[in-house]
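Summary of the model geometry
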Amino acid sequence: MIIVSNTSPINYLILIGQINLLPELFQQIIIPQAVYTELSDKLAPLPVQAWIATPPSWLKIQPVSQSTDAIANLLDLGESEAILLAQELNADLLILDDMKARRIAKDRNLVITGILGILDQATTMKLINLPVTIQSLKNTSFWASDSLFQKLLDKHS
């Protein structure tokens, strides 16, 4: 399977101590150069900077060969490159949280999930304690509606 990720899901999985869900669920994750740059930016949280400084073997950094298109003006560079790389590689899945980016990815017929989809799958596979993990996520700057969190909790209760 070819899985491409944007910055945000990796960032938050690192912050809540669940980054190892990615290789458990998908074996390998591919990120474009812009995502690597965002994760290593001096404004990124220190645990994220430390993690990306020595990327794990399951993380592949791959440049986008096509130049950015019209979406470059609508999204940040990491989101744009993640969508373009997913298209270029004919990815099976694109991991993306931003709503505008998700709409654009769907318009381009890409299959998407976000961090909540990853937590849903991890819970189904009994890899995490969902209520504890959701609380950890709520303690970060990640935002999702309470009803969305509750829907996920209800699904697994």
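Quick notes on the rules
Residues numbered from 1 in each chain as written. Predicted model: local features only at pLDDT ≥ 70, side-chain atom pairs only at ≥ 80, totals over all residues. Heavy atoms only, no water. Phe/Tyr/Trp six-rings, centres within 6.5 Å; stacked < 30°, edge-to-face > 60°. Helix = DSSP H or I, 4+ residues; strand = E, 2+ residues; numbered from the N terminus. Buried < 20%, exposed > 50% of the residue type's maximum accessible area, 1.4 Å probe, protein only. Arc of directions from axis to C-beta. Axes fitted to C-alpha atoms, helices over the stretch in contact; angles between N-to-C directions. Parallel < 35°, antiparallel > 145°, perpendicular 65-115°, else oblique. Contact = heavy atoms within 4.5 Å. Nonpolar A, V, L, I, M, F, W, Y, C, P; charged D, E, K, R; others polar. Salt bridge = Lys/Arg side-chain N within 4 Å of Asp/Glu carboxyl O. Left-handed = near helix turned anticlockwise from the far one by under 90°. Lys, Arg positive; Asp, Glu negative; His and termini not counted.

- Identification of the chain as DUF3368 domain-containing protein from Nostoc commune NIES-4072 is taken from an unreviewed UniProt entry.

1. What about the packing of aromatic side chains?
- Scanning all chains against the criterion turns up three aromatic pairs.
- Consider the rings of Tyr12 and Phe142, whose centres lie 5.3 Å apart with planes at 75°: the pair is edge-to-face. Of the two residues, Tyr12 sits in helix α1 (residues 7-15) while Phe142 sits in the loop between α8 (130-138) and α9 (146-155), which places them 130 residues apart along the sequence. No difference in accessibility class separates Tyr12 from Phe142, as the two residues are buried.

2. Focus on helix α3 (residues 33-40)
- Turning to α3, its buried residues number three or more, namely Ala34, Val35 and Leu39. Looking down the long axis of α3, one finds its buried residues gathered within 135° of arc, a one-sided arrangement.

3. Concerning the packing of α3 against helix α4 (residues 46-53)
- One can describe the packing of α3 onto α4 by two numbers: an axis separation of 8 Å at closest approach and a directional angle of 130°. With respect to their mutual orientation, α3 and α4 come out oblique. Contacts between α3 and α4 involve Tyr36, Leu39 and Ser40 from the first element and Val48, Gln49 and Ile52 from the second.
- Each residue belonging to the contact of α3 with α4 can be placed in one class, and the counts come to four nonpolar, two polar and no charged.

4. A word on α8
- Taken as a whole, α8 has its buried residues at Leu130, Thr133, Ile134 and Leu137. End-on view of α8: buried residues confined to an arc of 100°, all on one side of the axis. In α8, those exposed residues whose orientation departs by more than 90 degrees from the buried face are Pro131 and Val132.
- Looking at the buried positions of α8, the neighbouring elements they touch are α1, α7 (115-124) and α9.

5. Here's the deal with the pattern of salt bridges
- All told, the structure shown has one salt bridge when counted by the stated rule.
- Among the salt bridges present, the one from Lys155 reaches Asp120, with a minimum N-O distance of 2.7 Å. Placement of the pair is Lys155 in helix α9 and Asp120 in helix α7, with a sequence separation of 35 residues.
- Lys155 gets classed as exposed once you look at its relative accessible area, which sits at 55%.
- A relative accessible area of 16% means that Asp120 is categorised as buried.

6. What to know about the packing of α3 against helix α5 (residues 77-89)
- Contact geometry for α3 and α5: axes closest at 7 Å, N-to-C directions at 150°. Classified by the angle their axes make, α3 and α5 are roughly antiparallel. Where α3 crosses over α5, the handedness of that crossing is left-handed. Packed against α3, whose contacting residues are Gln33, Ala34, Val35 and Glu38, the element α5 presents Leu77, Gly78 and Glu81 at the interface.
- Grouping the constituent residues of the contact of α3 with α5 by class yields three nonpolar, two polar and two charged.

7. With respect to the side chain of Glu79
- With respect to the helices and strands, Glu79 occurs in helix α5.
- Buried within the structure, Glu79 lacks any salt-bridge partner; its nearest side chain of opposite charge belongs to Lys100, at an N-O separation of 7.4 Å.
- If near-sequence neighbours (up to four positions away) are discounted, Glu79 is found in contact with Asn6, Leu96, Asp98 and Ala101.

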